[in-house]
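Per-entry structural report
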Amino acid sequence: MSAWLSILSDLFLLLVGIGILLLIGLYVRDVTQTRDAVLRNYPVIGHFRYIFSTLGEFFRQYFFAMDREEMPFNRAERQWIEHASKDNSTTVAFGSTRSLEIRGTPIFENCAFPLLDEQKRPPATVTVGEGWCRTPYSNNSIINISAMSYGAISRPAVRALSAGAKLAGCWLNTGEGGLSTWHLEGGGDIVFQFGTAKYGVRNAQGHLSTERLREVTAHDTVRMVEIKLSQGAKPGKGGILPGEKVTQEIAQIRGIPAGQPSISPNRHPDINDIGELIDMIERVRDIGGKPTGIKFVAGGMEWVHELFEEINRRGLGSAPDFITLDSGDGGTGAAPMTLMDHVGLPIRESLPLLVDALDAHGLRQRIRVVTSGKLVNPAGVAWALCTGADFVNSARGFMFALGCIQSLRCHRNTCPTGITTHDPRLQKGLDPADKAVKVANYVAQITGAVEIIAHSCGVPEPRALERKHVRLVQENGKSIRMSELYPRVVS
Ligand SMILES: Cc1cc2nc3c(=O)[nH]c(=O)nc-3n(C[C@H](O)[C@H](O)[C@H](O)COP(=O)(O)O)c2cc1C
């Protein structure tokens, strides 16, 4: 017994000795280095500042931040999605924790006599490209899964979204990383996207390959094609996939070398003006026969008016069948902070401008409007429908449905929930079958809640909502009807 005690005490003294030596080493390193003023002035102890600020990023959400405080999504928004995706009740007690005086808050105008159950209808079906392409596409889902490339998100995440889209009856956008077997696996509707690097449909020179696009669009479940011009989080910058996320499989699907960063050009090198953009839309639609649209984040609206004028000059057959308008505060796997924070209009400003531009050029019936940008809760979706959108897309809403905890590590391949990592150990936590049900629950709950807003406003279904049904809180804390702020004038 005493021999054990003496070994333990020797060990303890040894460890203390090593600890003291390490601290002395750290002290000497801190005071002699010149790169960091805090560590030079406060050797050893200064390291706590870095430890706490790193940990603070993760613990703030649990201990310190109020329900409506965090960015990009606060706890109240995230928890709504968590409950909805688990098909739990989203009922809360006592009263709203949301301040109704914050500028931009939507307040829907409930009517005196909301609709009775027998007067209610499911969301109306919208058809895209009818009369203008060989295989138009119809769907009534008001919320759909926005572009997230296989590469930015993991294989189990794509599998869960694919199966979830099928269960929910919504579409899944592939993002710009190409079409994989995992997108097709669930059998749900797919919007195939290609971006500036033409991943998945590029030839040896990096240009659009007619044969490869024909192969992709030959799949029955590929319902539409989206040409990505830009996205909200990084306008003027192509996709960025860090080298550690470019696995053999992802490299093969994209047609690029494995292990090296996958950087797409800032814009399509073969689309230099509006004429060439329309040429590309016509070519893509002609190859696949499927509705073809464009996705962008708006800066100014001048070029959009020029595009619409040119479409009217050439004829309605030259128009994109849909436009996906992304918000300046949209999400991404990886992007420079300056672009995320300061470039591109937020959707609250750009969506009414786009719908008004379509109205002004008489194109609103021809071109369907899809929109995205933090529209992850029912009020956001209802606002977009009131404003004039046909469909809402969400990326991060569905990431939350998959279990995302907003740890902001999408670009590091260390996502703790397995959604944006290719590390098999971390992917183990994401069971595609379980999460597919959560994706479908989320769609059902959003739809149900937007239906309640619609009925409360006195209309039978979400797509009957109009600008007169929503008010927006102004700087002085009072709200104004959206139809007064942005009256719709149809030419
Ligand atoms: C992980 C991730 C990957 C994305 N990849 C793409 C992409 O490949 N193509 C694209 O057009 N947008 C991409 N986006 C942007 C989304 O499609 C969407 O436009 C944006 O996040 C706004 O929607 P949200 O606020 O609901 O997330 C990505 C977003 C995230 C979060």
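In case you missed it, the structure is sitting above this.
These numbers were taken from a predicted model, which means no experiment stands behind them.

Reading the values: the criteria
Residues numbered from 1 in each chain as written. Predicted model: local features only at pLDDT ≥ 70, side-chain atom pairs only at ≥ 80, totals over all residues. Heavy atoms only, no water. Helix = DSSP H or I, 4+ residues; strand = E, 2+ residues; numbered from the N terminus. Rg over C-alpha atoms; globule rule 2.2 N^0.38 Å. Buried < 20%, exposed > 50% of the residue type's maximum accessible area, 1.4 Å probe, protein only. Contact = heavy atoms within 4.5 Å. Areas by Shrake-Rupley, 256 points an atom, 1.4 Å probe, with all protein chains shown as cover. Lys, Arg positive; Asp, Glu negative; His and termini not counted. Charge placed at Lys NZ, Arg CZ, Asp CG, Glu CD. Pairing = 2+ DSSP bridges. Right-handed = clockwise from strand over helix to strand, strands pointing away. Near = heavy atom within 4 Å. Polar contact = N/O pair within 3.5 Å; in protein donor to acceptor, adjacent residues only side chain to side chain. Arc of directions from axis to C-beta. Phe/Tyr/Trp six-rings, centres within 6.5 Å; stacked < 30°, edge-to-face > 60°. Lys NZ or Arg CZ within 6 Å of the ring centre and 35° of its normal. Core = buried A, V, L, I, M, F, W, Y, C linked by side-chain atoms within 4.5 Å.

1. Let's talk about the overall build of the protein chain
Regarding its fold elements, the protein chain presents 17 helices and 15 strands. Computed over its C-alpha atoms, the radius of gyration of the protein chain comes to 26 Å, within 12% of the 23 Å expected for a compact globule of 491 residues. C-alpha atoms of the protein chain, sized along the principal axes, occupy 90 × 60 × 45 Å. Buried residues in the protein chain amount to 50% of all 491 residues. In the protein chain, of all internal contacts separated by at least 6 residues, the share reaching a separation of at least 24 is 69%. Taken as a whole, the protein chain presents about 23,100 Å² of accessible surface, with 57% of it coming from carbon and sulfur. Counting 53 positive and 50 negative side-chain charges, the protein chain places the centres of these two groups 3 Å from one another.

2. Regarding the pairing of strand 10 (residues 292-297)
Counted residue by residue, strand 10 has 6 buried out of 6 residues, so it is predominantly covered. Residues of strand 10 alternate between two faces, with T292, I294 and F296 on one and G293, K295 and V297 on the opposite face, all of them buried. In this structure, strand 7 (residues 222-228) lies alongside strand 10, joined through 4 bridges in parallel fashion. Residue pairing across strands places E226 opposite G293, the latter belonging to strand 10. Strand direction decides the pairing type here: strand 10 and strand 11 (residues 322-326), joined by 5 bridges, are parallel. Pairing of G293 across the sheet is with F322, part of strand 11. Chirality of the crossover, the property in question, places the unit of strand 10, helix 10 (residues 302-314) and strand 11 among those that are right-handed.

3. Here we look at the site of the ligand
Taken together, 23 residues form the shell around the ligand, and within it S146, A147, G331, K374 and R396 come nearest. Between the ligand and the protein, one listed contact pairs an oxygen atom with a side-chain N or O atom of R396 at 2.8 Å.

4. Considering the pairing of strand 11
Among the 5 residues that make up strand 11, 5 are buried, leaving the element largely enclosed by the rest of the structure. Both strand 11 and strand 12 (residues 368-372) contribute to a ladder of 5 bridges, which runs parallel. Paired with F322 across the strands is R368, a residue of strand 12.

5. What to know about helix 7 (residues 210-217)
Restricting attention to buried positions, one finds in helix 7 the residues L213, V216 and T217. Buried residues in helix 7, looked at end-on, bunch into an arc of 90°, giving them a common side. Exposed positions of helix 7 whose direction lies more than 90 degrees from the buried face are E211 and E215. Of the surrounding secondary structure, the elements contacted by the buried residues of helix 7 are strand 6 (189-194), strand 7 and helix 9 (274-288).

6. Remarks on the packing of aromatic side chains
Throughout the structure, instances matching the rule amount to 8 aromatic pairs. Aromatic pair F296 and W303: ring centres 4.8 Å apart, planes at 65°, arrangement edge-to-face. Judged by relative accessible area, which is 1%, F296 ranks as buried. Classification of W303 as partly exposed rests on a relative accessible area of 28%. Where F398 meets Y442, the ring centres are 5.1 Å apart and the plane angle is 80°; that geometry is what we call edge-to-face. Here F398 is found in helix 14 (residues 396-401), whereas its partner Y442 is found in helix 16 (residues 432-456), with 44 residues between them in sequence. By relative accessible area, Y442 is classed as buried at 0%. Chaining the aromatic ring pairs together yields one cluster made of F59, F63 and F64. Directly above the ring of Y50 sits R49, whose terminal nitrogen or CZ lies 5.3 Å from the centroid. Sitting over the ring of F73, K374 keeps its end group 5.6 Å from the ring centre.

7. Brief notes about the nonpolar core
One recurring pattern in soluble globular proteins: nonpolar side chains tend to sit buried together. Core analysis: the biggest nonpolar cluster contains 98 residues, and F308 and W383 have the highest contact counts within it. Counting residues per element, this core draws most heavily on helix 16, which supplies 8 residues. If near-sequence neighbours (up to four positions away) are discounted, W383 is found in contact with P106, F108, I347, R348, L351, P352, L375, V470, L472 and M482. Of all hydrophobic cores here, the second largest spans 9 residues; its members include V126, V128, M224 and V370.

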